[in-house]
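# Remarks on the overall topology
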Amino acid sequence: MLTGYLRSDGRKGIRNLVLVAYLVECAHHVAREITGAFRHRPVHLLGFPGCYPNDYADKMMRQLTTHPNVGAVLLVSLGCESFDKHGLEQAVRSSGRLVQTLTIQQTGGTKTTIAQGEAWVRDALLSIKDAVRVPMGIDELVIGTVCGGSDGTSGITANPAVGRAFDSLVDHGATCIFEETGELVGCEYHMQDRAATPELGQELVDCVAKAAHYYSVLGHGSFAPGNADGGLTTQEEKSLGAYAKSGASVIQGILKPGDLAPTGGLYLLDMVPDGEVRFGFPNISDNAEIVELISCGAHLTLFTTGRGSVVGSAISPVIKVCANPHTYERLPDDMDVNAGRILRAQATLDDVGEEIFNLVLQVAQGEPSKSEGLGHQEFILTYKSFTAKGPACLPNTTNILHQKH
């Protein structure tokens, strides 16, 4: 049995962090300086750089600052940005968390705001340090997965091993979220066959078609030079490898950034903006994808990599599953799991899948992942636009299927 920090909405966190969140790039430096005074302590930095309001960013910040891994929040405002800081502060306060807003233009500038911020964070850490952990089931976990720095080994080792772990987690009632539609081009009909309903199957096909259109208008896709250098040859080949992370469970629904799954089971996260193509890359880096998984409640993220990526994230731990044994040997301090053992006949997919499953439980119980222990707190939030999901995208909560095809 796991334990977690019970929040007012009934969700439970596997960490109990203080967030320092800037509401415009002009407040980023001050927020960073406040956070820097608490290195190696559970204080994380995040924020929205844009000066102009955006419904997506507002929803993301509300979901992130009330994430179950978060115990207290310090908001840092310049004072003249358009972000709805009062609405955000009220949302955090209504969730039962400690919250304070510092406005640089009103507190006397950089030095004064940093001093006040450090004092508030110090008090907040004391206030939340004795929070009691309560029993938590595997079925209360939300796990995301993403790939980055993929190479020719990714679709053979790490990605299908994560798929095996996902199947085990879904069998235990957990919520598992895979992404992204821009890297699933060519796999849409495979997903359609696994959909819980015919209506959802069509929505899955439409999601991938939207992504393909988005990239065709922009004149590029998610296939990078580093992928080619690592032995991948086409977008479709990369997609098949990325798709393997989803395992074999029934797909219960589609989420968009900031949406919470209504039930356990397997979900696709549609990260490509809706409407007219206007925002450039749908996701400018792997960390933008991780942030969106976290906004959907992910307690932690399984990150597969062949070439080698060292990033982690704010709020939720990242577990690195390394596909290539040579990469693992070069970067052992950054990699949690050596899935490359499969290539050397030192382990099977089931062996590594079970290792990943067990590591998820260990990290959920408090053991730091490699990137977490190294202090990685990468975070990116940009502009996007989404419309509400239709009813076909979500499961009927009275008839949930957990069987495999």
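This text gives an overview of the structure that appears in the document.

### Focus on the side chain of Thr 153
- Assignment of secondary structure puts Thr 153 in the loop between β8 (142-147) and α6 (158-171).
- For Thr 153, a relative accessible area of 12% puts it in the buried group.
- A distance of 2.6 Å separates a polar atom in the side chain of Thr 153 from a polar atom in the side chain of Asp 151.
- In contact with Thr 153, other than residues within four places in its own chain, are Ala 158, Gly 306, Ala 323, Asn 324 and Leu 343.

### Description of the sheet that holds strand β5 (residues 70-77)
- Read from one edge of the open sheet, four strands run β4-β3-β5-β6, paired in parallel fashion. Of all the strands in the sheet, the pair left with one neighbour each is β4 (43-47) and β6 (98-103). Averaged over all pairs of adjacent strands, the angle between their axes in this sheet comes to 20°, without regard to strand direction.
- On top of the sheet, helix α3 (residues 85-94) reaches β5 and β6; it is set at about 160° to β6, its chief contact.
- Where helix α5 (residues 110-128) meets the sheet, its contacts fall on β3 (17-22), β4, β5 and β6, and the angle it forms with β6 comes to roughly 180°.

### Examining the sheet that holds strand β2 (residues 12-13)
- The three strands are arranged β2-β1-β7 in an open sheet whose pairing can be described as antiparallel. The sheet is open, and its two borders are formed by β2 and β7 (133-136), each paired with just one other strand.
- Pairing analysis gives four bridges linking strand β1 (residues 2-6) to β7, with the strands arranged antiparallel. Counterpart to Gly 4 in the pairing with β7 is Val 134.

Conventions we followed
Residues numbered from 1 in each chain as written. Predicted model: local features only at pLDDT ≥ 70, side-chain atom pairs only at ≥ 80, totals over all residues. Heavy atoms only, no water. Helix = DSSP H or I, 4+ residues; strand = E, 2+ residues; numbered from the N terminus. Buried < 20%, exposed > 50% of the residue type's maximum accessible area, 1.4 Å probe, protein only. Polar contact = N/O pair within 3.5 Å; in protein donor to acceptor, adjacent residues only side chain to side chain. Contact = heavy atoms within 4.5 Å. Pairing = 2+ DSSP bridges. Axes fitted to C-alpha atoms, helices over the stretch in contact; angles between N-to-C directions.

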